[in-house]
Amino acid sequence: MSDSSPQGVLVCDKPQGLSSHGVVSRIRRWFGTKKVGHAGTLDPMATGVLVLGLGRGTKLLTYITGVSKTYFATIRLGSSTPTDDADSEPDRFADPADLARVDTAAIEAAVAELRGPIDQVPSAVSAIKVDGKRSYARVRAGEDVALKARRVEVSEFQIIDIRFAAEEGHIDVDVEVDCSSGTYVRALARDIGTDLGIFGHLTALRRTRVGDFHIDQAATLPADLDVPAPTLISLAEAARTLLPVVTVDAGQARALMQGKTVPAGDWHADPAPDAVGRAAADTGGSENREVAVVCDDALVSVAEVRRSGGLKSLTAFAIDLA
């Protein structure tokens, strides 16, 4: 049965002041569909890349959520807030003498300590669940929440500019951060301030990349949702950025959608990404490996390459072939 509702992925430039759920609500109205989800929450104060799945595109969100990300941010040293960002008012302030002693070398050293694999304690006011309840909800209910440290990786942490204003009670540091999924940039701001002994929080955050989805691809939410909606990234195009790709013919695609295993040798890897080689390299030949299966530039399924070399569908996308 054919489905005429929107199917694909959209990169949106989230505006400041709107929650990620608020963006989803607007996209539902803009595209006239209920089935919309997003990959990776951006706080209301943050702007930039929010990747959304529409229709069967929501099935790809689990793969998008786990990719690395790039942010531009401004860290304000000299004060802290309960949320570690500008969504709450500063409640602790550095001693003016301590702030005056901080120089460029000290800031650079504090930033350097947070490069590479680190054990990061997320901000208590976050969406992480504690015994089934969001941490931020527990904090707002008056609970004292202590989250456990999690291993994340900050692959790049570059200082772009430092503006000293100790006489005004702060130092502003503009940074660019490349990091793994699950990294909290506001926790980086907090920890730099703690290391320097002068407190710190985030005053601006813009996400410019989620995996291979970049800000220059992003659509801007219009004030008038009656304007034509943009073209979605197709399911196949989106999947190619996330998984190794193998190509099958129409008969093999139908067999996969009927729950059958397509034997080794009956399918081949796309010339560009060596899907079979990547699968073997990633698993060492000991485990199954997920790949995107494409037929005639349409995404058929996310499937596993079994140790035997056969393909077995895990998540169906070509529902009209089932």
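Residues numbered from 1 in each chain as written. Predicted model: local features only at pLDDT ≥ 70, side-chain atom pairs only at ≥ 80, totals over all residues. Heavy atoms only, no water.

Things to note about the overall build of the protein
In step 1: Looking only at helices and strands, the protein features nine helices and 19 strands.
In step 2: For the protein, buried positions account for 48% of its 322 residues.
In step 3: For the protein, the accessible area works out to roughly 15300 Å², and carbon and sulfur atoms hold 49% of it. (Helix = DSSP H or I, 4+ residues; strand = E, 2+ residues; numbered from the N terminus. Buried < 20%, exposed > 50% of the residue type's maximum accessible area, 1.4 Å probe, protein only. Areas by Shrake-Rupley, 256 points an atom, 1.4 Å probe, with all protein chains shown as cover.)

A few points about the pairing of strand β10 (residues 150–165)
In step 1: In this structure, strand β7 (residues 116–120) lies alongside β10, joined through five bridges in antiparallel fashion. Within the sheet, the bridge partner assigned to Asp119 lies in β10 and is Arg151.
In step 2: Two elements, β10 and strand β11 (residues 170–179), share 10 bridges in a ladder whose sense is antiparallel. Bridged to Gln158 within β11 is Glu176. (Pairing = 2+ DSSP bridges.)

Points about the environment of Thr58
In step 1: Mapped onto the elements of the fold, Thr58 is located in the loop between β3 (47–54) and α2 (61–65).
In step 2: We classify Thr58 as partly exposed; its relative accessible area is 22%.
In step 3: For the pair Thr58 and Val9, spaced 49 residues apart in sequence, the C-alpha to C-alpha distance is 8.0 Å.
In step 4: Ignoring sequence-local partners within four residues, the contact set of Thr58 consists of Lys35, Val36, Gly37 and Gly53. (Contact = heavy atoms within 4.5 Å.)

Let's talk about the side chain of Lys69
In step 1: Positionally, Lys69 belongs in strand β4 (residues 69–77).
In step 2: One buried charge, Lys69, has no salt-bridge partner; the nearest side chain with opposite charge is Asp178, at 11 Å.
In step 3: The contact partners of Lys69, leaving out residues within four places of it in the chain, are Val177, Asp178, Cys179, Ser181, Arg207, Arg209 and Val210. (Lys, Arg positive; Asp, Glu negative; His and termini not counted. Salt bridge = Lys/Arg side-chain N within 4 Å of Asp/Glu carboxyl O.)

Points about the pattern of salt bridges
In step 1: One pass over the structure, following the stated rule, counts 11 salt bridges.
In step 2: A salt bridge links Glu304 to Arg306, with the shortest nitrogen-to-oxygen separation between them at 3.0 Å.
In step 3: Residues joined in a network through salt bridges with shared partners are Asp84, Arg190 and Asp191.

A word on the side chain of Ser123
In step 1: Structurally, the position occupied by Ser123 is in the loop between β7 and β8 (129–130).
In step 2: On the basis of relative accessible area, Ser123 is assigned to the buried category, the value being 0%.
In step 3: Polar side-chain contacts of Ser123 include one of 2.8 Å to the side chain of Asp84. (Polar contact = N/O pair within 3.5 Å; in protein donor to acceptor, adjacent residues only side chain to side chain.)

Some words on the packing of helix α4 (residues 104–112) against helix α6 (residues 185–196)
In step 1: At a minimum axis separation of 9 Å, α4 and α6 run at an interaxial angle of 125°. Relative to α6, α4 is oriented oblique. Judged by the sense of rotation from one axis to the other, the crossing of α4 with α6 is right-handed. Together, Ala106, Ile107, Ala110 and Val111 of α4 and Ile192, Asp195 and Leu196 of α6 make up the contact between the two elements.
In step 2: For the contact of α4 with α6, the residue count by class is six nonpolar, no polar and one charged. (Axes fitted to C-alpha atoms, helices over the stretch in contact; angles between N-to-C directions. Parallel < 35°, antiparallel > 145°, perpendicular 65-115°, else oblique. Left-handed = near helix turned anticlockwise from the far one by under 90°. Nonpolar A, V, L, I, M, F, W, Y, C, P; charged D, E, K, R; others polar.)

Comments concerning α4
In step 1: Regarding α4, the residues found buried are Ile107, Ala110 and Val111. The arc enclosing the buried residues of α4, seen along the axis, measures out at 100°, which places them on a common side.
In step 2: Of the surrounding elements, those touching the buried residues of α4 are β4, β10, β11 and α6. (Arc of directions from axis to C-beta.)

Notes on the pairing of strand β18 (residues 298–305)
The two faces of the sheet receive side chains in turn, since in a regular strand these alternate between them.
In step 1: With seven of eight residues buried, β18 lies mostly within the body of the structure.
In step 2: In the sheet, β18 pairs with strand β19 (residues 311–316) via five bridges, with the strands oriented antiparallel. The residue bridging Ser301 from the neighbouring strand is Ala316, located in β19.
In step 3: Between β18 and β19, which pair antiparallel one after the other, the connecting turn spans five residues, and Gly309 there sits at a positive phi close to 100°.

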